[in-house]
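Observations on chain architecture
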Amino acid sequence: MPTLFYEIFNKKIKLNSDTIRRFKEEIERLYNELLEEKNIDNMKVLRNKLEKSLSENKKKKNYQKTKDEFKEIEVIFEKLETSIEELEDSQEKIKLVDVVKKVEDRYKLCKNIPDSKKDQYKSFCIKKSKIKYEKEIIKLQVELLKLQKHIKAKWEKLLIIFEWRDAAWKGGTIKRFREYLNARWARVVALEKPSDVEQTQWYFQRYVKHLPSGWEMAFFDRSWYNRAWVEPVMGFVNEDDYKKFIEDVPLFEKMLVDSGTKIVKFYFSVNKSEQAARFEDRRRNPLKQFKLSPIDQYSQQLWDKYTLAEYKNLSKTHSKHAPWTIINSDDKKKARINALKVVLNKFKYPGKISDKELEIDPKIVLSWEDKAKALEWEIDTKEDLFT
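Each chain carries its own residue numbering, running from 1 in the written order of its sequence. Since the coordinates come from a predicted model, pLDDT governs what is reported: local features require at least 70, and pairs of side-chain atoms require 80 or more to be given and counted, while whole-chain, interface and lining totals use all residues. Processing note: side-chain calculations cover all non-hydrogen atoms of the structure and skip hydrogens and water entirely.

1. What to know about the nonpolar core
Here is a general trend for soluble globular proteins: nonpolar side chains tend to be buried in one another's company. Rules: Buried Ala, Val, Leu, Ile, Met, Phe, Trp, Tyr and Cys residues that are joined via side-chain atoms within 4.5 Å together make up what is termed a nonpolar core. Here the term buried applies to any residue with accessible area under 20% of the maximum for its type, exposed to any over 50%, and partly exposed to those in between, with areas from a 1.4 Å probe on protein chains only. The helix and strand labels rest on DSSP assignments: H or I over at least four residues marks a helix, E over at least two residues marks a strand, and numbering proceeds from the N terminus. Between two residues, a contact is recorded if the distance between any of their heavy atoms is within 4.5 Å.
Formed by 37 residues in total, the largest nonpolar core has its most connected members in Leu159, Phe220, Trp224, Tyr225 and Phe245. Contributing elements (two or more residues each) for this core: strand 3 (157–164), strand 5 (217–221), helix 9 (230–234), helix 10 (239–258), strand 6 (261–269), helix 12 (303–317), strand 7 (324–328) and helix 14 (368–378). At six residues, helix 10 tops the list of elements feeding residues into this core. Once residues lying within four places of it in the same chain are set aside, the contact partners of Tyr225 are Ile161, Glu163, Phe245, Val249, Glu253, Lys265, Asn313, Thr317 and Trp324. Among the nonpolar cores identified, the runner-up in size contains 33 residues, and Leu181, Val264, Phe266 and Ile327 belong to it.

Written out as structure tokens, the structure reads:
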């Protein structure tokens, strides 16, 4: 890339009418070269850098003085966008496998199998509702792949935070999110308890190094919000440090959003009796016992205190730039489907399915305001969490 590009993109040169004119000439020359070579990858790099540069310069005080010159660059940018779309459309089209239809081919409906043959097909004989779920989940996973391609092309950063009541099935949801994504650009972050060194650091420090870079999705399996649920309930944090966290976290998240990170915050909720049933299943099933932690045994005993922590944290850390989305996960399948739809609805990307196919279930996806009203009936929200 020409020297002037580096100087301008890295802000090492003062922009004026002359430098912008030279900049425009170099862009046009490079654009024509890439177009002739049909070098779509480098055209996308050029597009992304130009888009960022134009956006930043529009915010500067001297923009009005050079507005006409920048308009000429915007014309080239639009031509670049059009050329990229045309090149992508002209690439060889292949007939895609209908992965949703393959779900139907994989199974047989129980009602369509004679009783004499049900033993023979027992591994494939499932209910109609199960087939419907499998078809819908894989359709949404295809959409996630489209979204990942879009994020990679646009150099975007997506952070999805998963917080939950114990036994709210968030692990299975994260698995469905990441199942078919390219793992190079889709990371799951699940940190152990802080080391002795980490305990001496700024609270957010150990999380910062795991934040998504450009092109990446990061799925936080628990996050800095440990300080807001488990720590105060179990007595692992003092009141001053808790209050400091509650004050700092909206500012911290605002910094991330301002730097270009898109944040989705999920809180997976489950009712008390359903949680108890899931804990019992884990105790009895040797394949699930690993999911039980020493803290889980207190979840039922401290249900009301966890609910109080839930209310105080969500009410103080819900913000316009990083809002909470509440997922009712009493039904794990509906919870997974609707969580996927919430994320997909936040983006526009090429080839996206219709809005109707991404409609969410209002019984499963709740706003923080709706959840707050429910909690206010359940507990005394004015109670002191540290009493």
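2. Things to note about the pattern of salt bridges
Pairing is possible between side chains that carry opposite charge, provided their charged atoms lie close to one another. As a reminder, the rule being used: The term salt bridge refers to a pairing of a side-chain nitrogen on Lys or Arg with a carboxyl oxygen on Asp or Glu at a separation within 4 Å.
Overall, the coordinates contain 16 salt bridges when judged by the stated rule. Between Lys262 and Glu156 there is a salt bridge, with its nearest N and O atoms 3.8 Å apart. Here Lys262, found in strand 6, pairs with Glu156, found in the loop between helix 6 (128–154) and strand 3; they are 106 residues apart in sequence, far enough to count as distant. The salt bridge involving Arg165 is made with Glu310; its shortest N-O contact spans 3.2 Å. Of this pair, Arg165 sits in the loop between strand 3 and helix 7 (170–178) while Glu310 sits in helix 12, and the two are 145 residues apart along the sequence. Overall, Glu310 belongs to the buried group, its relative accessible area being 1%. Within this structure, Arg165, Glu310 and Lys371 form a network of salt bridges that share partners.

3. With respect to unusual backbone geometry
Backbone geometry at Trp215 places phi at a positive 85°, although glycine is not the residue there. Relative to the helices and strands, Trp215 is located in the loop between helix 8 (205–208) and strand 5. Taking relative accessible area as the criterion, Trp215 reaches 29% and is therefore assigned partly exposed. Even without a glycine there, the phi angle at Arg222 is positive, about 75°. Residue class for Arg222 comes out buried when judged on its relative accessible area of 15%.

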